[in-house]
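The chain contents come next:
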Amino acid sequence: MTWTWESLTTADKGTLKRVFEEGATPDIQQLLDGTYDGLNIGLLPRLTGRRFKKLFYLRDGEPFGHNIQEKRGRPIELGWYRVRPDGRVARIDYDVEQNRGLYVVLRALQDRIVLPSPGDHELVLGEARYLGLRVAYFVLRRESTSRS
């Protein structure tokens, strides 16, 4: 099956679990310089909101990124993370020094991402885990890139 934003964001949790388990390994380099629209599916939206943006870039030569959420019509940067390979998934690790103050609780968050369609970095499926427990799936769709 060819997965799309619409088919993933309307899929049930059983389907998302299966797609995640069968998903292909992302090439982190292909994610860099990208801004992705995101949609949370599950418990996490009640805590963090349903819509967000996820940015991937290099920081001090290492894959890094952060999230952006709109609050009262204004973009708020939050949830900084490093990105690294972890077996067949890419791990988004929020346990970084930039998450401090009100955001220190995000350090217990770990995301794992896969490609629903092998080689297609325009659409990404993720699983969010807080203190090791899966709290949501999320879907990312590339919005822009500075690659030529």
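Our subject is the structure listed above.
Figured I'd write up the structure that's included with this text. (Residues numbered from 1 in each chain as written. Predicted model: local features only at pLDDT ≥ 70, side-chain atom pairs only at ≥ 80, totals over all residues. Heavy atoms only, no water.)

It is worth spelling out the nonpolar core at this point. Nonpolar side chains in soluble globular proteins generally cluster together in the buried interior. By size, the foremost hydrophobic cluster in this structure holds 23 residues, and its most contacted members are Phe56, Ile92, Ile113, Val124 and Leu140. Counting residues per element, this core draws most heavily on strand β8 (residues 133–145), which supplies four residues. If you look at the next biggest cluster of nonpolar residues, it comprises 15 residues, including Trp5, Ala11, Phe20 and Leu125. (Core = buried A, V, L, I, M, F, W, Y, C linked by side-chain atoms within 4.5 Å. Buried < 20%, exposed > 50% of the residue type's maximum accessible area, 1.4 Å probe, protein only. Helix = DSSP H or I, 4+ residues; strand = E, 2+ residues; numbered from the N terminus.)

Looking now at the pairing of strand β2 (residues 51–59). If a strand is regular, its side chains alternate between the two faces of the sheet. Examined bridge by bridge, strand β1 (residues 34–42) and β2 share six bridges and lie antiparallel to one another. Within β2, the residue paired with leucine 39 across the bridge is arginine 51. Turn length for the β2-strand β3 (residues 62–71) hairpin, with the two strands adjacent in sequence and antiparallel, is two residues, and the turn residue aspartate 60 shows positive phi of about 55 degrees. (Pairing = 2+ DSSP bridges.)

Turning our eyes to something else, we now look at the pairing of strand β4 (residues 74–86). As judged from the eight bridges shared by β3 and β4, these two strands associate in the antiparallel manner. Counted as the bridge partner of lysine 71 is arginine 74 from β4. What sits between β3 and β4 in their antiparallel hairpin is a turn of two residues, with arginine 72 showing a positive phi close to 50 degrees. Between β4 and strand β5 (residues 89–93), which pair antiparallel in sequence order, lie two residues; one of them, glycine 87, sits at a positive phi of approximately 65 degrees.

All of the buried residues in helix α2 (residues 13–22) are Thr15, Leu16, Val19 and Phe20. The buried residues of α2 occupy an angular sector of 135 degrees when projected down its axis, which confines them to one face. Opposite the buried face of α2, by more than 90 degrees, sit the exposed residues Lys13, Gly14 and Glu22. Where α2 begins, the capping side chain belongs to aspartate 12, and its oxygen is found 3.1 Å from the backbone nitrogen of glycine 14. (Arc of directions from axis to C-beta. Polar contact = N/O pair within 3.5 Å; in protein donor to acceptor, adjacent residues only side chain to side chain.)

Take the pattern of salt bridges next. Tallied over the full model, the rule gives twelve salt bridges. Between glutamate 143 and lysine 53 there is a salt bridge, with the nearest N and O atoms lying 2.4 Å from each other. Pair noted here: glutamate 143 is in strand β8 and lysine 53 is in strand β2, with a separation of 90 residues, a long-range link. With a relative accessible area of 40%, glutamate 143 lands in the partly exposed category. Overall, the relative accessible area of 27% leaves lysine 53 in the partly exposed class. Note that aspartate 86 is salt-bridged to arginine 91, the shortest N-O span being 2.5 Å. Each of Arg112, Glu127, Arg129 and Arg134 takes part in salt bridges that share partners, so that together they form one network. (Salt bridge = Lys/Arg side-chain N within 4 Å of Asp/Glu carboxyl O.)

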